[in-house]
Every structure is written in structure tokens, then in C-alpha cells.
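These are the residues of each chain, in order.
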Amino acid sequence: MAGGFAVVSSKPSGEMKQQGKITWYVWICGIIAATSGLMFGYDIGISGGVTAMDDFLLLFFPSVYARKHRARENNYCKFDDQRLQLFTSSLYLAALVASFVASRACTALGRKRTMQAASVFFLAGTALCACASGLAMLIVGRVCLGAGVGFGNQAAPLFLSEIAPARIRGALNILFQLNVTIGILVANVVNYFASAIHPLGWRYALGGAAAPAAVLFLGSLVITETPTSLVERGREVDGRKTLERIRGTVEVDAELEEIRAACALAKEMVAEESPYRRLLRRESRPPLAIAIAMQVFQQFTGINALMFYAPVLFQTMGFATDGSLLSAVVTGGVNVASTVVSIVLVDRVGRRKLLLEACAQMLVAQVAVGGIMLAHVRADGTPGGGWAVGLVVLICVYVSSFAWSWGPLGWLIPSETFPLETRTAGFSLAVSSNMLFTFLIAQAFLSMMCAMRAYIFFFFAAWIVAMGTFVLVLLPETKGVPIDEMVDRVWRRHWFWKRCFGDNANEARVNNC
């Protein structure tokens, strides 16, 4: 197999251990937990539309408002303002810090309680942003929202991976990313209608985040905790009852024993060494390297730059404000539909094939967009109608490929590949890496677009080439492998990563892991 991953039996022993049917209760719990992604997506989508609204700019960023309405403006630079970018990026800086606190909360309080905390942060941040009278209050609100993102993005993917049977783990986990895309689409629709409401439209748009936050809060009161978290915290009887409920059978002895053994081993290892220190060991390097690389590459596809600033970007391409918001709605719809494709295919064709196909499709789209922008969008002009429509089509091609690959799999793969003893700590590093690079892209994109102009699309295209090479060479396939068997079934069999698992530390050192 490409990438050197050894082929295993089509009916692995781990799957045979997981008895029972795929219950409705699993799907209900998954849908509710994935609402955290709805909140995250709404935050991503709403910021770009709000920053394109004149009433919002006039109140908080008057210099940007003045530059936007000059008679002859530089299309690429009219939104270049560090404070405006801070409005978007401050959320992700707060989420970076919160993810480390959330890691400890997941271990000590459980995945469910951590999601409840996320919903409280979301509600507080929404109230502050919608009622903001000055930039400081607005930023504080964004910081509260960032804390919610840090807690929610830490807990929800772990929750989904731990309650799911191995054969549908990919599809269930991608519910999180599906909700992210739905949140972006809803935000784009809200922005489109709110932009016509003067002068309070931007307040309604920001306040709309209260709806998904309330759904997450109420829903988190009724879902179960994961069996793994219950056993990990010494509640084995409750863990068994929960496992029987989500599997729809009392024949759960084998899976419960697997969870119990993983928890016992994790407890023993944590007693010897903290999870974060254990992540520095050679045997922890494969999942840690993959998890962080997936987050970095996910951001350097350029997707969040597009989603944050879609209306702004479409205005740069020559669309009027209404047209730019409507174009953002179109790309948001493509994003949702394409994520559904991933749910259908991820546990059938596997993770690697989706990622590699998407790299090729995104590369073509990015280069084509960059070429059209370079040839037909001057600093003080706009492209013709045909070229403008072509740009929207190409961006939809790009968004669709991301939505069935790097979007959902960027969260799925890190959530399923760490052993239990480093799972919450490792995933917190993945989340914090995502938030760090999301912050950097959000803070820098408008300035980069001003400096690089159309060449910014070639910048992201070069990263896509690096991503494809990474998947081809270093990323193993994890489809259908039970979550607690990743070390033996995946990492120890990969042509490169197996060198981290010598019989002793000296052998691993000799193998240059």
C-alpha cells in the first residue's frame, strides 16, 4: 500500500470485540455533542460578514470605513487594518490558551461537563459582543467565545470518537465538521439579511450565536458521558451501563475489558509521568506529529482565510456588498453538501484517499483563482462579470474538496490515534496548534493580501503540494481500526513510524525516530 502501511485482515479482531448494533441513542448523543461545531462554524462565518457591514465599521473601525468608500481605492488593501483583524483573530488566541485548561477538564470532569462549560462561555461571549459599545467590550466578548471554542473543540471530537463503534467512527466524528459547515452557512445567510437592517443589523448577526449556544447547553444536560471517561474516573458500573445503552446489548464484556485495560495502563503511566511529559517519548511521536501536522496543514490550505473574510474577498474581486454576501452563502452551501459526502465515504474509501484527491483538486482551484486574479483584477479595477462568476465557481470547487477531506479529517484523525494515557493531552496540543495557526492566518491574511495581492493564492497552493507529499509518505490509514488498538495495528506497522517502537529506547534511538 502507498505510504508503507501494512495491509491487515478485512475483519479485524478489534471489530469482532465490539458487539451490538448501531443504536439511535449513539446518533442522538453524537448530534447533540456535534452542536459544539455549529457554534464554532457560526463564529467563523459571522465575523467576515459583520466586518463588511458599514454600520459596524463606522462604529468600531472608522478609518477602515473611510478607506472602503474612497473614490479610487486599492481593492487589495482597503480592509488592511490590524485592529480589524484582531476582532477576528482574538477568538482563536483565547481558544489556544483555553484548550490546555480544557484538556485537564476533560480528564477530571469528563467530556460532557467540558462541553457544558463551553456552552456557558459561548452564551457569555455572545451577550458581550451583541451589546458591545466599544472595541474593548467587543474583544472581551470574542475572548469569551474563544474559551468556548477551546473547550468545545477539545471535548466534542473526543466524545464522538469514544462513543462510536469502530466501523462508523469516521462518519460519527464528522458530524462535528458537518455542524461547523452548517454554522458557517447559517452565519452567511444571517449576514445577508442582517446587512439590510440599519443600524443594528450587525448586533442581530452577532447575537444570533446565542441560538446554537443554547442548544448545546440544553443538549449537554441530557446526553450520556462516554464509557471511557466513566471508567477512567473510577465509575466502572456506570461505564458498563452506558456501554450497554449505546451498543444496544448486554454483551459488552469484551469491549469493557478493553476499556478497563486501557484505563488501568493509562493510570499506571500517568502515576509515573504526566501525560504531557509522556508525549515527549519516542513512542508518542507518531500520533503527536500527525496530529499537529494535520492542524497546521488544515490552516495553510487557506480555507479559514476564505471563510473568515469571504464577503471581504468577494468585494475585492469586484462584487458589491450584497453580491459578496450572497456569494458567501453559495460557497457555504457547497461546504455543507460536500461535508455530507465525507460522512458517506470516510469509512468506505478511507482517510488517505480522500485527502490525496482533495489535494489535487484544491491545487488546481487555487492556481486557477490566482491566475485569474493576477490577469484580470487590478488594484483599482474589477474583473468582468464572466470572470467574477468563474472565480466563485472555482472557489466552490476548492471549498467542496476541502469539505470532504481536510476539514473533517483534520479533527477526526487526531481524535482517534492517541492511546488513552495521552489522548486528552495529545488532542489538546492538536486543538491548540489549530487555534494558533488559525489566529496567525486570521491576523495576517488581510495584510498578506495587501502585500502579495493575487500571489497569495499561489502561496497557499505551494502548501497544498507539501500536504499531499506528507499524506503520501507519512500518514497511515486508520479506517476501521478500534481506537484502543491504534498502536499495535497502525503505528507499529507503518514503514516509517515503526522505528519509534523498538524493543527498548536504545533501539528507537538507533532507528532515528
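Residues numbered from 1 in each chain as written. Predicted model: local features only at pLDDT ≥ 70, side-chain atom pairs only at ≥ 80, totals over all residues. Heavy atoms only, no water.

> Teacher, can you tell me more about the overall build of the protein chain here?
Tallying secondary structure elements over the protein chain gives 26 helices and zero strands in all. In the protein chain, 82% of the contacts between residues at least 6 apart in sequence involve partners at least 24 apart. Accessible surface, the protein chain as shown: approximately 18400 Å² in total, 66% of it carbon and sulfur. (Helix = DSSP H or I, 4+ residues; strand = E, 2+ residues; numbered from the N terminus. Contact = heavy atoms within 4.5 Å. Areas by Shrake-Rupley, 256 points an atom, 1.4 Å probe, with all protein chains shown as cover.)

> Teacher, can you tell me more about a nonpolar patch on the surface here?
On the surface, Ile197, Leu200 and Tyr204 cluster together into a nonpolar patch covering about 280 Å² of accessible area. Locating Ile197 in the fold gives a position in the loop between helix H9 (169–194) and helix H10 (201–207). (Patch = residues over 30% accessible without salt bridge, like charges linked within 9 Å, V, L, I, M, F, W, Y side chains within 5 Å. Salt bridge = Lys/Arg side-chain N within 4 Å of Asp/Glu carboxyl O.)

> What is the right way to look at the packing of helix H8 (residues 135–163) against helix H22 (residues 406–417) in this model?
The packing of two helices is summarised by the inter-axis angle and the distance between the axes. Direction vectors running N to C along H8 and H22 enclose 70 degrees, while the axes themselves pass 9 Å from each other. Judged on the interaxial angle alone, H22 and H8 are roughly perpendicular. Handedness of the H8/H22 crossing: right-handed. Contacts from Asn153, Pro157, Leu158 and Ser161 in H8 reach Trp411, Ser415 and Glu416 in H22. When the residues that make up the contact of H8 with H22 are grouped by side-chain class, the tally is three nonpolar, three polar and one charged. (Axes fitted to C-alpha atoms, helices over the stretch in contact; angles between N-to-C directions. Parallel < 35°, antiparallel > 145°, perpendicular 65-115°, else oblique. Left-handed = near helix turned anticlockwise from the far one by under 90°. Nonpolar A, V, L, I, M, F, W, Y, C, P; charged D, E, K, R; others polar.)

> It is not clear to me how helix H2 (residues 24–33) should be interpreted in this structure. Could you clarify?
Side chains three or four residues apart in an α-helix point the same way, a direct result of the helix having 3.6 residues per turn. Along H2, the positions that sit buried rather than exposed are Tyr25, Val26, Cys29, Gly30, Ile32 and Ala33. Viewed along the axis of H2, the buried residues span an arc of 165 degrees, placing them on a single side of the element. Here the buried face of H2 lies against helix H3 (35–50), helix H7 (111–130), H8, H9, helix H11 (210–220) and helix H13 (236–247). (Buried < 20%, exposed > 50% of the residue type's maximum accessible area, 1.4 Å probe, protein only. Arc of directions from axis to C-beta.)

> Is there a simple way to explain the pattern of salt bridges in this structure?
As a working rule, side chains carrying opposite charge can pair if their charged atoms are close by. Applying the stated criterion across every chain yields a total of 20 salt bridges. As a salt-bridge pair, Asp253 and Arg240 come within 2.7 Å of each other at their nearest N and O atoms. With a gap of 13 residues between them, Asp253 in helix H14 (residues 253–272) and Arg240 in helix H13 connect regions that are remote in the sequence. Taking the relative accessible area as the measure of exposure, Asp253 reaches 48% and is therefore partly exposed. Residues joined in a network through salt bridges with shared partners are Arg111, Glu162, Glu232, Arg423 and Asp484.

> What am I meant to see in H9 here?
Its 26 residues give H9 an end-to-end C-alpha distance of 38 Å, which sits within 8% of 38 Å, the value for a rise of 1.5 Å per residue. Of all the bends in H9, the largest measures some 30 degrees and sits at Leu175. Judged by how many residues are buried, H9 sits mostly within the fold: 19 of 26 residues are covered. (Expected span 1.5 Å × (residues − 1). Bend = angle between axes of the 7 residues up to and from the residue.)

> Would you mind showing me how to read the nonpolar core here?
In this structure, Phe56, Trp406, Leu409 and Met435 are the most contacted members of the largest nonpolar core, which totals 136 residues. Top contributing element to this core by residue count: helix H23 (residues 420–452), with 13 residues. Setting aside chain neighbours within four positions, we find Met435 in contact with Phe40, Tyr92, Ala95, Leu96, Val149, Asn153 and Trp411. (Core = buried A, V, L, I, M, F, W, Y, C linked by side-chain atoms within 4.5 Å.)

> So what exactly am I meant to see when it comes to the confidence of the model for the protein chain here?
Note: predicted coordinates in regions of low pLDDT should not be interpreted at a detailed level. Counting all residues, the mean pLDDT for the protein chain is 84, and 86% of those residues have values of 70 or more. Low pLDDT, under 50, characterises residues 1–16; the stretch is placed with 29 contacts to residues that sit more than four places away or in other chains. (pLDDT = per-residue confidence, 0-100.)

> Explanation requested: unusual backbone geometry in the structure shown.
A negative phi holds for most residues other than glycine; trans holds for most peptide bonds. Following His198, the chain continues into Pro199 via a peptide bond in cis, with omega recorded as 0 degrees. Residue placement: Pro199 occurs in the loop between H9 and H10. The phi torsion at Arg453 lies on the positive side, around 55 degrees, for a residue other than glycine. In this structure, Arg453 sits in the loop between H23 and helix H24 (455–474).

> In this structure, what is going on with the packing of H8 against H9? I would like to understand it.
Packing of H8 against H9 leaves a shortest axis separation of 8 Å and a crossing angle of 155 degrees. It follows that H8 is roughly antiparallel to H9 by the angle criterion. Remark: the crossing between H8 and H9 carries right-handed chirality. Side by side, H8 and H9 meet where Gly152, Asn153, Ala156, Pro157, Leu160, Ser161 and Ile163 of the first sit next to Arg169, Leu172, Asn173 and Phe176 of the second. Residues of the contact of H8 with H9, tallied by class, amount to six nonpolar, four polar and one charged.

> Explain the packing of aromatic side chains here, please?
The description of an aromatic ring pair rests on the distance of the ring centres and on the angle between the ring planes. Tallied over the full model, the rule gives 22 aromatic pairs. With 5.1 Å between their ring centres and 55 degrees between their planes, Phe56 and Phe87 make a pair best called tilted. You can see Phe56 sitting in helix H4 (residues 54–60) and its partner Phe87 sitting in helix H6 (residues 82–109), a full 31 residues away along the chain. Across the pair, exposure class does not vary: Phe56 and Phe87 are buried alike. With a centroid separation of 5.5 Å and an interplanar angle of 65 degrees, the aromatic rings of Phe56 and Trp202 are classed as edge-to-face. Placement of Phe56 in helix H4 and of Trp202 in helix H10 is noted, with a sequence separation of 146 residues between them. Accessibility classification places Phe56 together with Trp202 in one group, the buried group. What links up through ring pairs into an aromatic cluster is the set Phe297, Phe300, Trp406, Phe437, Phe459, Phe460, Trp463 and Phe470. (Phe/Tyr/Trp six-rings, centres within 6.5 Å; stacked < 30°, edge-to-face > 60°.)

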